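Below, each chain spelled out in residue letters.
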Number of protein chains: 2
Amino acid sequence: MISSRDNPTVKLAAKLMNSSSARREEGFFCAEGVRLCRDAAESGADIQQYLYTEQAAKKYPKDHALLLSVSKNSSAVSQSVLEKICDTKSPQGLFCIISISQPEMTVKPGCRYVAAEDIRDPSNLGTILRTAEALGIDGVILSDECCDIYSPKVVRGTMGAVFRLPFMIVPDLSDLVRELSERGIQSFASTPRNADDIRNTDLSNGGVMLIGNEGNGLQDKTINACTHRVMIPMKGRAESLNASAAAAILMYEFCLTKE
Amino acid sequence: MISSRDNPTVKLAAKLMNSSSARREEGFFCAEGVRLCRDAAESGADIQQYLYTEQAAKKYPKDHALLLSVSKNSSAVSQSVLEKICDTKSPQGLFCIISISQPEMTVKPGCRYVAAEDIRDPSNLGTILRTAEALGIDGVILSDECCDIYSPKVVRGTMGAVFRLPFMIVPDLSDLVRELSERGIQSFASTPRNADDIRNTDLSNGGVMLIGNEGNGLQDKTINACTHRVMIPMKGRAESLNASAAAAILMYEFCLTKE
């Protein structure tokens, strides 16, 4: 059992929890808690190291057995070590260090994608991924100015979608949508200015629905590169919807509303 | 200028920021930051005390003048006092103590309401209010087990909707919807079990859309008291949508989708 907070694995885990550059450099991210760790195992994530407290192993015997069987390495840790690593108040005692192994995602005609430009709030990004999976979006595209998809808050907010939903990170969404447009794939910029009511827009051929930054919306160059502009009609005085609420409505229309 | 952290107003403000029972006992809540304080002033909130740093007064002269003119009392405070009060990392220097004066809200036939049962997460509750205002919901009904609508996180998340949107807090939503049903007002329980696809439900007569707790959904007794059950059809593997994302989609269908 690892009981020293100075153990190299413990130090690595704590670093991965706290720093996106550490995650990038080391090529690992973390999942904490019984639900997320089980999701990681069931989704075939490459679990390099499984850490658990003896108490949690007894409390969640099935999940513990599954995690032992699929993880490359595993070790019991003391409660104090667990608390050093985790960012939640009462950690459940299961913890995974997982390889970042982004499978190549390609944008295909007829499928439905959501693209997030410069989303900074981890809760918003996590919710967008969770919603995308629930509604049946085929993949997620992120600008590289979005917050880190592997940050613990985002991972938790996705409710495991981060392990299952295809995604790609691109330096410039305007370049991407221009390329897609040449391949006949439509792109829908969500913006309140000079846009069509989403309810009157033909979304049946799929494509990419683009969601902008919390404060500023989509960049002008991205809006201009898209084939369509859509808006959610609003009645109230609130200047705009929260990014993840707007994304939920847009993806709902994109995936589910009847033609 | 107040520069002592032991000043009674400062102590009151700090207490109101940190404790829902203090807010209930004292009958005040707080708004912080230029946007929220301006919203409070413009919405006719009863501002008992306006606190500001000299720096903020210079930086936001119009908002400062407005707040001085509508507030019952006002005072400059030092940066250190401001930091004692505020829960954000870099407070903007404008702060209001506002009377809790909930106007009576009545549920009217033909109007559209959203009811939240036992929503515990302040971000979710704030987002639900913000979304409700943006989409044109006529009022919000909260069970008394929801988190405190006057907590700083909720107030911030509403983007000012808390000052403008009519709302009421009730001990038991099942009792309320039963009463409304007798008055011919429909109620729509959102639940994944034995429910109709929201896209096939006639929502044109208005009524109340009910959203349940983050982990457990609506209580059975509440579902049973409602006149209708509705669900968002889901394709993906995520067990459910986040409460505020589900609420956004349900309110969108309720308020905006064409019949």
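Residues numbered from 1 in each chain as written. Chains lettered and ligands numbered in written order. Predicted model: local features only at pLDDT ≥ 70, side-chain atom pairs only at ≥ 80, totals over all residues. Heavy atoms only, no water.

A. Representation of the overall build of chain A in the model. Across its full length, chain A carries 12 helices and 11 strands. Over its C-alpha atoms chain A spans a radius of gyration of 20 Å, differing by no more than 12% from the 18 Å that the globule rule assigns to 259 residues. Along the longest, intermediate and shortest principal axes, the C-alpha atoms of chain A span 60 × 35 × 35 Å. Taken over 259 residues, chain A has a buried fraction of 56%. Counting contacts in chain A only where the partners sit at least 6 residues apart, residues at least 24 apart contribute 79% of the total. Total accessible area computed for chain A in this model is approximately 11100 Å², and 45% of it derives from carbon and sulfur atoms. Counting 29 positive and 32 negative side-chain charges, chain A places the averaged centre of each group 6 Å from the other. (Helix = DSSP H or I, 4+ residues; strand = E, 2+ residues; numbered from the N terminus. Rg over C-alpha atoms; globule rule 2.2 N^0.38 Å. Buried < 20%, exposed > 50% of the residue type's maximum accessible area, 1.4 Å probe, protein only. Contact = heavy atoms within 4.5 Å. Areas by Shrake-Rupley, 256 points an atom, 1.4 Å probe, with all protein chains shown as cover. Lys, Arg positive; Asp, Glu negative; His and termini not counted. Charge placed at Lys NZ, Arg CZ, Asp CG, Glu CD.)

B. Here's a closer look at the relation of the copies chain B and chain A. If you rotate chain B by 180° and push it 0.0 Å along the axis, it lands on chain A with an RMSD of 0.0 Å. Taken together, the rotation and translation describe the operation of a two-fold axis. Most of the interface of chain B is mirrored in chain A, where 100% of its interface residues again form contacts. (Least-squares fit on C-alpha atoms with pLDDT ≥ 70 in both.)

C. Just the environment of aspartate 63 of chain B, in detail. Residues and elements named next belong to chain B. Along the chain, aspartate 63 falls in helix α5 (residues 61-70). In this structure the C-alpha to C-alpha distance between aspartate 63 and arginine 35, which are 28 residues apart in sequence, comes to 8.9 Å. The residues contacting aspartate 63, other than those within four sequence positions of it, are Val34, Arg38 and Leu94.

D. Main features of the sheet that holds strand β1 (residues 28-32) of chain A. Residues and elements named next belong to chain A. Pairing is mixed across the open sheet formed by four strands, whose spatial order is β1-β4-β2-β3. Either end of the sheet is taken by a strand with one partner, and the two such strands are β1 and β3 (73-76). Averaged over neighbouring strand pairs, the angle between their axes works out to 15° when direction is ignored. Where β1 meets strand β4 (residues 94-99), five bridges bridge the pair, whose relative direction is antiparallel. Looking at the pairing, cysteine 30 lines up with isoleucine 97 of β4. In this fold helix α1 (residues 8-18) packs onto β1, β2 (47-52) and β4, with an angle of close to 75° to the strand it touches most, β4. Seen against the sheet, helix α3 (residues 34-42) touches β1, β2 and β4 and runs at an angle of roughly 35° to β4. (Pairing = 2+ DSSP bridges. Axes fitted to C-alpha atoms, helices over the stretch in contact; angles between N-to-C directions.)

E. Broad picture of the packing of aromatic side chains. Counted by the stated rule, this structure contains 11 aromatic pairs over all chains. Their ring planes at 85° and their centres at 6.5 Å tell us that tyrosine 252 of chain A and tyrosine 252 of chain B sit as a pair that is edge-to-face. Of this pair, tyrosine 252 of chain A sits in helix α12 (residues 243-255) while tyrosine 252 of chain B sits in helix α12 (residues 243-255), placing the two residues on different chains. With a relative accessible area of 0%, tyrosine 252 of chain A lands in the buried category. One aromatic cluster in this structure is built from Phe29, Tyr150, Phe163 and Phe167 of chain A. In this arrangement the basic side chain of arginine 112 of chain A is found over the ring face of phenylalanine 254 of chain A, its NZ or CZ atom lying 5.4 Å from the centre. (Phe/Tyr/Trp six-rings, centres within 6.5 Å; stacked < 30°, edge-to-face > 60°. Lys NZ or Arg CZ within 6 Å of the ring centre and 35° of its normal.)

F. Just the interface of chain B and chain A, in detail. In this complex, chain B contributes 35 residues to the contact, which on the side of chain A involves 35 residues. Put simply, chain B and chain A have zero salt bridges between them. Broken down by secondary-structure element, the contributors of at least two residues to the side of chain B that touches chain A are α3 (34-42), α7 (122-135) and α12 of chain B. Considered class by class, the residues forming the side of chain B that touches chain A number 14 nonpolar, nine polar and 12 charged. (Salt bridge = Lys/Arg side-chain N within 4 Å of Asp/Glu carboxyl O. Nonpolar A, V, L, I, M, F, W, Y, C, P; charged D, E, K, R; others polar.)

G. The packing of α7 of chain B against α12 of chain B, seen in detail. Residues and elements named next belong to chain B. Packing of α7 against α12 leaves a shortest axis separation of 9 Å and a crossing angle of 15°. Considering their axes alone, α7 and α12 lie roughly parallel with respect to each other. In terms of crossing hand, the pair formed by α7 and α12 is right-handed. Across the interface between the two elements, Asn124, Thr127, Ile128, Thr131, Ala132 and Leu135 from α7 touch Ala243, Ser244, Ala247, Ala248, Met251, Tyr252 and Cys255 from α12. The class makeup of the residues in the contact of α7 with α12 is nine nonpolar, four polar and no charged. (Parallel < 35°, antiparallel > 145°, perpendicular 65-115°, else oblique. Left-handed = near helix turned anticlockwise from the far one by under 90°.)

H. Representation of unusual backbone geometry within the structure. Residue and element names in this part refer to chain B. The phi torsion at aspartate 118 lies on the positive side, around 55°, for a residue other than glycine. Its place among the elements puts aspartate 118 in the loop between β5 (112-116) and α7. With a phi angle near 50°, asparagine 194 is a residue other than glycine that sits in the positive phi range. By the secondary structure assignment, asparagine 194 is in the loop between β8 (187-190) and β9 (196-197). In this structure asparagine 194 comes out as exposed when scored by relative accessible area, which is 69%.

I. Expanded view of the sheet that holds strand β11 (residues 228-231) of chain B. Read across the open sheet, the seven strands follow the order β7-β6-β5-β10-β8-β11-β9 (chain B); overall the sheet is parallel. Looking along the sheet, the strands with just one partner apiece sit at the ends: β7 (167-170) and β9 of chain B.

J. Layout of the environment of serine 69 of chain A. All names here are of chain A. Note on placement: serine 69 falls in helix α5 (residues 61-70). What makes serine 69 exposed here is its relative accessible area of 57%. A C-alpha to C-alpha distance of 49 Å links serine 69 and arginine 229, two positions 160 residues apart in sequence.

K. A look at the confidence of the model for chain A. On average, residues of chain A carry a pLDDT of 94, and 97% of them reach 70 or more. Scored as a whole, the predicted complex attains pTM 0.93, and scored at its interfaces, ipTM 0.92. (pLDDT = per-residue confidence, 0-100.)

L. Here's a closer look at the environment of serine 20 of chain A. Mapped onto the elements of the fold, serine 20 of chain A is located in helix α2 (residues 20-26). On a C-alpha basis, the gap between serine 20 of chain A and alanine 132 of chain A in space is 23 Å, while along the polypeptide they are 112 residues apart.

M. Spotlight on the pairing of strand β10 (residues 207-211) of chain A. Residues and elements named next belong to chain A. Among the five residues in β10, five count as buried, and that is most of the element. With five bridges joining them, strand β5 (residues 112-116) and β10 adopt parallel strand pairing. Its bridge partner being in β10, alanine 115 is matched across the sheet by leucine 210. Examined bridge by bridge, strand β8 (residues 187-190) and β10 share three bridges and lie parallel to one another. Opposite phenylalanine 188, over in β10, you have methionine 209 as the bridge partner.

N. Representation of the pattern of salt bridges within the structure. Per the counting criterion, the structure on display carries 24 salt bridges over all chains. Arginine 199 of chain B is the partner of aspartate 197 of chain B in a salt bridge, and the nearest nitrogen-oxygen pair spans 2.7 Å. Here the salt bridges do not stand alone but share partners, grouping Arg35, Asp39, Glu133 and Arg164 of chain A into one network.

O. Geometry of a positive patch on the surface. Positive charge collects at one region of the surface, where Lys89 and Lys153 of chain A together with Lys89 and Lys153 of chain B lie side by side. Examined against the element boundaries, lysine 153 of chain B turns out to sit in helix α8 (residues 152-157). (Patch = residues over 30% accessible without salt bridge, like charges linked within 9 Å, V, L, I, M, F, W, Y side chains within 5 Å.)

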